[in-house]
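The lines below spell out each chain.
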Amino acid sequence: MDLSKAAEVIQAPLSETLSQLSAAFAGAIPHRAISELSNCSFAPFKFRGESPGPSVTIADIAALRSLVGKSGAWQGRAVLAGAEVPVVVLVSAFSVPSALLVLLRSEDTPVPDTDLTSANALWDVVTAHMEALRNEAVPATIAVSRAAAAARAVAISDLGDAYGASLTALLGVLRDRDVDDAPARARAVDLAVTALVELRARADLDRAQTEERTGDAFERLAESLRRVLRGRDVRLDLGTPGAEEGADRVLPTDIASTAGAVVRSSVHAMLDDQRGVRRIHIGWKIVGTVLRATVRDDGPGTLSRGSLDARRVAERLGPLGGKVEVDAVPEWGTTVTIEVPLGPPENPREDPLTVLGARELEVLGQLARGRRNRDIAGDLHISESTVKFHVAKILEKLGVGSRGEAAALAHEWGATAR
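Residues numbered from 1 in each chain as written. Predicted model: local features only at pLDDT ≥ 70, side-chain atom pairs only at ≥ 80, totals over all residues. Heavy atoms only, no water.

Caption draft 1: Quick look at unusual backbone geometry. Phi is positive for R312, close to 65 degrees, though the residue is something other than glycine. Within the secondary structure, R312 sits in the loop between α10 (305–309) and α11 (313–317). Phi at H381 takes a positive value of approximately 60 degrees, unusual for a residue other than glycine. You can call H381 exposed: its relative accessible area is 72%. (Helix = DSSP H or I, 4+ residues; strand = E, 2+ residues; numbered from the N terminus. Buried < 20%, exposed > 50% of the residue type's maximum accessible area, 1.4 Å probe, protein only.)

Okay, structure coming up:
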């Protein structure tokens, strides 16, 4: 199998990843359907192709995980949608929890080990790329993920409520002793109870793919920071969350990944844009409905907001309604405080900066860094009077009365990183 196909899969839109993988595997592993179970926060379960029965479910695919282990490939026959079919199961070594890819084959002829190895390598490459997107919290991906996850959660909740109410009512009728035919009633009760258990199990499985404990998310962040600081003469102090800090509460994966990416960016800014940092403390806890992370160093206290903007901190937090504050005290160090709401806002706000043109965004970005009109003119190679004109239009379009208010909006919505 040609692993150069990995580039085609990765470069395709995320909605086409499964179709691209199917095409890449078609020659070496003929199949009639393909399914994915991953930690994608808006669609952890995906299926493309011909189902062997009524429908392949997330529970069917999850049950195959035990056949492979933490990573690798397996081929054989398995029960999906009530039918026994030949399958190839690939488990990624680069995602947590391990992402599964299942190929429902059209024949029983064994796949050569070399093709299985190549297929698993391609799946590892693709999932490593997806994990990087998740961990780096790419703003566009976060926005799509959050919107889709919210819609999916509502759909799952509505579906669960509807089925739960129906089955509960059914159980009430079937348990009525005035109903005749006891054997039929007993069988119907058994079926209804089984359906309720299955429904709840599927909901639990869905949550397991899209959520993680606060404590687990912090440990994943801590391990990544240990790698960042390896070889540096910097001590890492970890304020590991306990029960009071919400260690056992669950977080949506996009919240945990975004907070982790922003913390890592803050650490990089402290180390790269200052000298003399010897200790960095990381705190992480749930406060009400907010995940609050703090990053504190013992450096010279010269870190600027611009250092974080250059690393897209505000831009990453924007889609989630998060915010960041920088408190730098000369000779005492810097504290960066990051807050990310645990759920989407009830009334999501639209980006107010969309009314600005490209040049106005450039001017606003400079203005947000505290630059004077003369300096902005020099950097953008325009006249000072043109800068004044742009600033006046920016204030008018944003509906604010001062450069300071415009700068605050720029920081909140990531204009300094555009």
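Caption draft 2: Spotlight on the packing of helix α12 (residues 358–368) against helix α13 (residues 373–380). One way to put it is that α12 packs onto α13 with a least axis distance of 10 Å and a crossing angle of 130 degrees. For the element pair α12 / α13, the angle class is oblique. Remark: the crossing between α12 and α13 carries right-handed chirality. For the pair α12 and α13, contact is made by R359, E362, V363, Q366 and L367 and by I376, D379 and L380, respectively. (Axes fitted to C-alpha atoms, helices over the stretch in contact; angles between N-to-C directions. Parallel < 35°, antiparallel > 145°, perpendicular 65-115°, else oblique. Left-handed = near helix turned anticlockwise from the far one by under 90°. Contact = heavy atoms within 4.5 Å.)

Caption draft 3: Quick peek at the sheet that holds strand β12 (residues 333–341). Strand order in the open sheet made by the five strands is β7-β9-β10-β12-β11, with mixed pairing throughout. Looking at which strands have only one partner, the edges of the open sheet turn out to be β7 (235–239) and β11 (323–329). With strand direction ignored, the average angle separating the axes of adjacent strands in the sheet is 15 degrees. Pairing between β11 and β12: seven bridges, direction antiparallel. Each residue of the ladder has a partner; that of V329, found in β12, is G333. (Pairing = 2+ DSSP bridges.)

Caption draft 4: Representation of the sheet that holds strand β1 (residues 31–37) within the structure. Spatial ordering of the open sheet is given by β2-β1-β5-β4-β3, a layout of five strands whose pairing is antiparallel. Strands at the two margins of the open sheet, each flanked by one partner only, are β2 (45–49) and β3 (72–80). Each neighbouring strand pair of the sheet contributes to a mean axis angle of 20 degrees, computed without reference to strand direction. Here six bridges tie β1 to strand β5 (residues 100–105), and the two strands are oriented antiparallel to one another. What sits directly across from A33, in β5, is L104.

Caption draft 5: Geometry of the side chain of H390. Here H390 shows up in helix α14 (residues 384–398). Beyond its immediate sequence surroundings of up to four residues, H390 is in contact with R359, E360, V363 and I382.

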